[in-house]
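# Inside the fold
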Amino acid sequence: NESYDLATNYTNLGQILGKQGNQAEAKTALRKGLAFARQSQSLEKIKDSYQALYDFNKSIGKSDSALVYLELLSGVEDSIFNLQNAKAISDAEAK
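Since the model is a prediction, treat every value here as computed from it, not as a measurement. Within every chain, residues take consecutive numbers counted from 1 along the sequence as written. Predicted model: local features are reported for residues with pLDDT of at least 70 only, side-chain atom pairs are reported and counted for 80 or more only, and whole-chain, interface and lining totals are derived from all residues. Side-chain metrics rest on all non-hydrogen atoms present in the structure, leaving aside hydrogens and water.

### As for the confidence of the model for the protein
Low-confidence regions, as indicated by low pLDDT, have predicted coordinates that should not be scrutinised in detail. Predicted confidence across the protein gives a mean pLDDT of 93, with 100% of residues reaching 70 or more. Predictor confidence is given residue by residue as pLDDT, running from a minimum of 0 to a maximum of 100. Helix and strand assignments come from DSSP, with helices taken as H or I runs of at least 4 residues and strands as E runs of at least 2, each series counted from the N terminus. Within the protein, no element has a lower average pLDDT than helix 4 (residues 63-94), which sits at 86, and none a higher one than helix 2 (residues 23-40), at 98.

### Some remarks on the nonpolar core
One finds Leu30, Leu34, Ile46, Tyr50, Leu53, Tyr69 and Val76 to be the most contacted residues of the largest nonpolar core, which totals 18 residues. Sorting the residues of this core by element identifies helix 1 (2-19), helix 2, helix 3 (43-59) and helix 4 as the ones contributing at least two each. Ranked by residue count, the leading element in this core is helix 3, at six residues. Two residues qualify as a contact provided that any one of their heavy atoms is within 4.5 Å of a heavy atom in the partner residue. Dropping the residues within four chain positions of it, Leu34 is found in contact with Ser49, Tyr50, Leu53 and Tyr69. In this description, a nonpolar core means a group of buried Ala, Val, Leu, Ile, Met, Phe, Trp, Tyr and Cys residues linked to one another through side-chain atoms lying within 4.5 Å. Buried residues are those whose accessible area, probed at 1.4 Å on protein chains only, stays under 20% of the maximum for their type, while exposed residues exceed 50% and partly exposed ones sit between those limits.

### Examining the layout of surface pockets
Take a probe with the size of a water molecule and roll it over the atoms, and the empty space left behind shows itself. The definitions used throughout rest on a 1 Å grid laid over the protein atoms alone, on which a cavity is an enclosed set of points accommodating a 1.4 Å probe that cannot get out and a pocket is an open set flanked by protein within 12 Å on both sides along at least five of seven lines; lining residues are those having an atom within 4 Å of a point. Grid points are joined across faces, edges and corners, and a volume is the space filled by probe spheres set on the points. Space inside the largest pocket adds up to approximately 160 Å³. What lines the largest pocket is Gly14, Gln15, Gly18, Lys19, Gly21, Gln23, Leu30, Ala52, Asp55, Phe56, Ser59 and Ile60. Sorting the residues of the lining of the largest pocket by element identifies helix 1, helix 2 and helix 3 as the ones contributing at least two each. In this classification, the charged set is Asp, Glu, Lys and Arg, the nonpolar set is Ala, Val, Leu, Ile, Met, Phe, Trp, Tyr, Cys and Pro, and all remaining amino acids, among them Gly, are polar. A breakdown of the residues in the lining of the largest pocket according to their chemical character gives four nonpolar, six polar and two charged.

### Examining the side chain of Ser3
By secondary structure assignment, the location of Ser3 is in helix 1. Take Ser3: its relative accessible area is 12%, and that puts it in the buried class. Of note is the side chain of Ser3, whose polar atom sits 2.8 Å from the side chain of Gln39. Those residues within four positions of Ser3 in sequence are excluded, and the remaining contacts are Phe36, Gln39 and Ser40. Residues adjacent in sequence count toward polar contacts only when both atoms are side-chain atoms; beyond that, a polar contact is any pair of N or O atoms within 3.5 Å, and within protein one must be able to donate a hydrogen and the other to accept it.

### Description of the pattern of salt bridges
Whenever a carboxyl oxygen of Asp or Glu lies within 4 Å of a side-chain nitrogen of Lys or Arg, that contact is scored as a salt bridge. Counted by the stated rule, this structure contains one salt bridge. One salt bridge in this structure joins Asp48 and Lys45, with 3.4 Å as the shortest N-O distance. A residue pair is termed a helical-turn pair when its members lie 3 or 4 positions apart in one helix, as Asp48 and Lys45 do in helix 3 at three residues. Judged by its relative accessible area of 31%, Asp48 is partly exposed. Lys45 gets classed as buried once you look at its relative accessible area, which sits at 9%.

Structure, rendered in structure tokens:
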């Protein structure tokens, strides 16, 4: 899936740029990563993007933005957990 791959690439690029202190470009790359993650509809990729955006905003002292991404991250993690539990129950019932 091209969107999935682009999400990975932009998120990784944003993390690298952030560590290099290039905040403006890091922010742009991380936001593009999130857009492609959403387009891919992969909860794992969306989770990765939210985590990267949380880490980035926290590292530059933008606590309000960091909190928003932390809350979004928590919601996606809950969704992933619920899907995994539903699958486990379904698998157990099928046996």
